[in-house]
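Here's the letter readout for the chains.
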Amino acid sequence: DKVRVKKTVKSNSNWSTFVLPFKVDLTADNWLKTSGCLVKKLKSVDVDGEHVRLTFGDPQTSIEAGVPCIIKNPSANELKYIEVENVNVNTSYDDEEAQTVFYKDDNGLMKFHGVYHRRAIPKGAFFISNNKFYKAVGPLHNNPDMISGFRGYFELTAEAQAQGVRAFSFRIGEDETA
């Protein structure tokens, strides 16, 4: 049996957030391997004064169920869906279960939330668009910032907010920043 998730990954794309409710082996012959997509997981969070740096690790060989990550499609072909075989889908997931919290010095700094359906991004949370971070401002003319399903957003903890964070950057690889 095949599982198909409607999720567009644009051609020659920038990095975007991504989460799935099932594990995918990226070394197996499946949609993600044949498409050439790169998938990376958040490795560390550092706060230096008003600046937060998110560092993403090496390309992954698998996607963990419920763990948000980032994805990039370097090919010239837009991908309209994700199709994989022989996966166990956990249908009991909700937004809270698709979440990873990262720590520095045993104090939480950032929550990276994954969502499986379209929803409003909480006011003050951050999202990635066109390789830039944007802060959700809340309802504007009754239209909140929205995020589509199978994506993710970032929230600072109270500790990080107390440090007066004003800027974000992310490191994708050894020398690549965005």
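None of the values given here were measured: they were computed from a predicted structure.

Engineer: How would you sum up the overall build of the protein chain? Please name residues and give values.
Structural biologist: For the protein chain, the helix and strand inventory stands at 2 helices and 17 strands. Buried positions account for 43% of the 178 residues belonging to the protein chain. The long-range fraction of contacts in the protein chain, counting pairs at least 24 apart against all pairs at least 6 apart in sequence, stands at 74%.

Engineer: Any details on the sheet that holds strand S6 (residues 51-56)? Residues and values, ideally.
Structural biologist: The mixed open sheet is built from 3 strands, whose spatial order is S5-S6-S17. Looking at which strands have only one partner, the edges of the open sheet turn out to be strand S5 (42-48) and strand S17 (167-171). The sheet shows a mean angle of 15 degrees between the axes of neighbouring strands, taken without regard to direction. Pairing analysis gives 5 bridges linking S6 to S17, with the strands arranged parallel. Each bridged residue has a counterpart across the sheet, and for Val-52 the counterpart in S17 is Phe-168.

Engineer: Could you give me a rundown of the nonpolar core, with the residues and numbers involved?
Structural biologist: Counting residues in hydrophobic clusters, the biggest one holds 21 residues, and the most contacted among them are Val-52, Leu-54, Phe-56, Met-110 and Phe-154. Breaking this core down by element, the ones donating at least two residues are S5, S6, strand S11 (107-115), strand S13 (126-129), strand S16 (151-156) and S17. Leaving out residues up to four positions away in the same chain, Val-52 has contacts with Val-45, Asp-46, Val-47, Met-110, Leu-156, Val-165, Ala-167, Phe-168 and Ser-169. In this structure, Cys-37, Val-39, Cys-69 and Leu-79 belong to the second largest nonpolar core, which totals 19 residues.

Engineer: For the packing of aromatic side chains, give the residues involved together with the corresponding values.
Structural biologist: Counted according to the given criterion, the structure contains 4 aromatic pairs. Here the aromatic rings of Phe-133 and Phe-154 are separated by 5.6 Å at their centres, their planes lie at 65 degrees, and the arrangement is edge-to-face. Of this pair, Phe-133 sits in strand S14 (residues 132-135) while Phe-154 sits in strand S16, and the two are 21 residues apart along the sequence. Residue Phe-133 shares its accessibility class with Phe-154, and that shared class is buried.

Criteria and cut-off values
The numbers attached to residues start from 1 for each chain and follow its sequence in the written order. Reporting in this predicted model follows two pLDDT cut-offs: at least 70 for local features of residues, and 80 or more for side-chain atom pairs to be given and counted; totals over whole chains, interfaces and linings ignore these cut-offs and use all residues. As a rule here, side-chain values come from all non-hydrogen atoms in the structure, and water together with hydrogens is ignored. Only DSSP runs of H or I with at least four residues qualify as helices, and only runs of E with at least two residues qualify as strands; both kinds are numbered from the N terminus onward. The buried label goes to any residue with under 20% of its type's maximum accessible area, the exposed label to any with over 50%, and the partly exposed label to all in between, with areas taken from a 1.4 Å probe on protein chains only. Two residues qualify as a contact provided that any one of their heavy atoms is within 4.5 Å of a heavy atom in the partner residue. A pair of strands is treated as paired once DSSP finds two or more bridges between them. The axes used here are C-alpha line fits, helices contributing only the stretch in contact, and every angle between their N-to-C directions lies in the interval 0 to 180 degrees. By nonpolar core is meant a set of buried Ala, Val, Leu, Ile, Met, Phe, Trp, Tyr and Cys residues that side-chain atoms within 4.5 Å join together. To pair, rings of Phe, Tyr and Trp, with the six-membered ring standing in for Trp, must have centres within 6.5 Å; the planes then decide the type, stacked if under 30 degrees apart, edge-to-face if over 60, and tilted in the middle.

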